[in-house]
Amino acid sequence: MIELDDIVRRLVDTLKETGQAEDTLIFISSDNGPHMETWPDAAFTPFRCSKGSTWEGGVRVCTLAWWPGKIPAGTATAAMTAMMDVLPTFAALAGAKLPADRKLDGVDVWPVLAGDPAPPPRDTFHFYRGLQLEAVRSGPWKLHLASGELFNLNDDLGEKTDLAAQRPEEVKRLRALAETMRGDLGLEGVGPGCRPLGRVANPQPLLANDGTVRADAVGQAAKLP
């Protein structure tokens, strides 16, 4: 964190000195959750569980965005966003067209970054672990499908208080939202809406175990120590 802080400070200082600050968006996010098996003493308080799970401790991260004159300073949002939103958001800012021959799961979240008070572009999120749909969220409500536990994340980020018995209508609504994925990504296994995996004939690593650089990527050296 100290190193990242110093790098960003120097970057921002340079942008200001060269007059490029108002033309530059800095966007910093994170991988999801600590890996408890590697770092057993790690804590992600107040979130429950860790990397590899669909509890908040495994999926929720912080994100910082800086753009003088475009993103209001000192603001924050609790809107649902994901790394899959980076492509459509940055494409829209650059005036680029998105591919029209496929469905993109990401949405343009620039209104959220810009502090637009309108409802955010995403209200529902489906949480997969591999090919298994394990949880679904809509607004503040999150349902873990296997256990049937329901949590209000506005009041309970740690997912400690199960409200399923008190709010059966939300459980029913969220299970219906989960069911909409049966004909798309699927509930388990590869769903009908999934594109086939990409295939490359005779795939080769960029750098072999012995340090040999792939032929089409050789620069100053064909083999690295």
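Above: the structure in question.
Residues numbered from 1 in each chain as written. Predicted model: local features only at pLDDT ≥ 70, side-chain atom pairs only at ≥ 80, totals over all residues. Heavy atoms only, no water.

1. A look at the pairing of strand 4 (residues 132-138)
Most of strand 4 sits out of view: five of its seven residues are buried. Across six bridges, the pairing between strand 3 (residues 124-129) and strand 4 is antiparallel. For Tyr128, the partnering residue across the bridge sits in strand 4 and is Leu133. In textbook terms, the turn of a hairpin is the stretch between consecutive antiparallel strands, and for strand 3 and strand 4 this stretch comprises two residues, one of which, Gly130, has a positive phi near 65°. (Buried < 20%, exposed > 50% of the residue type's maximum accessible area, 1.4 Å probe, protein only. Helix = DSSP H or I, 4+ residues; strand = E, 2+ residues; numbered from the N terminus. Pairing = 2+ DSSP bridges.)

2. Overview of the packing of aromatic side chains
All told, the structure shown has four aromatic pairs when counted by the stated rule. Taking the centre distance of 5.6 Å and the plane angle of 85° together, the rings of Phe27 and Phe90 count as edge-to-face. Pair noted here: Phe27 is in strand 1 (residues 26-28) and Phe90 is in helix 3 (residues 86-94), with a separation of 63 residues, a long-range link. Here Phe27 falls in the partly exposed class, since its relative accessible area comes to 28%. Here Phe90 falls in the partly exposed class, since its relative accessible area comes to 33%. (Phe/Tyr/Trp six-rings, centres within 6.5 Å; stacked < 30°, edge-to-face > 60°.)

3. Looking at the side chain of Glu149
Position of Glu149 relative to the elements: it lies in strand 6 (residues 149-152). In terms of polar contacts, Glu149 uses its side chain to reach the side chain of Ser147, at 2.9 Å. Other than its neighbours up to four places away in sequence, Glu149 contacts Arg48, Trp55, Lys142, Leu143, His144 and Asp162. (Polar contact = N/O pair within 3.5 Å; in protein donor to acceptor, adjacent residues only side chain to side chain. Contact = heavy atoms within 4.5 Å.)

4. Considerations on the layout of surface pockets
By volume, the second largest pocket amounts to about 340 Å³. As for the second largest pocket, its lining consists of 14 residues, of which Met1, Leu4, Val8, Ile28 and Leu64 are closest to the centre. Elements with a contribution of two residues or more to the lining of the second largest pocket: helix 1 (2-17), strand 1 and strand 2 (64-66). The element contributing the most residues to the lining of the second largest pocket is helix 1, with four residues. Taken together, the residues of the lining of the second largest pocket sort by class into ten nonpolar, three polar and one charged. (1 Å grid on protein atoms, 1.4 Å probe; cavity = no way out; pocket = protein on both sides within 12 Å on 5 of 7 lines; lining within 4 Å. Points joined across faces, edges and corners; volume = space filled by probe spheres on them. Nonpolar A, V, L, I, M, F, W, Y, C, P; charged D, E, K, R; others polar.)

5. Details of the pattern of salt bridges
Here the structure, examined in full by the defined rule, presents 15 salt bridges. Residue Glu159 is joined to Lys142 by a salt bridge in which the shortest nitrogen-to-oxygen separation is 3.3 Å. Residue Glu159 is located in the loop between strand 6 and helix 5 (168-179), and its partner Lys142 is located in strand 5 (residues 141-144); the two are separated by 17 residues in the primary sequence. One exposure class covers both Glu159 and Lys142, and it is buried. One salt bridge in this structure joins Asp216 and Arg214, with 2.7 Å as the shortest N-O distance. (Salt bridge = Lys/Arg side-chain N within 4 Å of Asp/Glu carboxyl O.)

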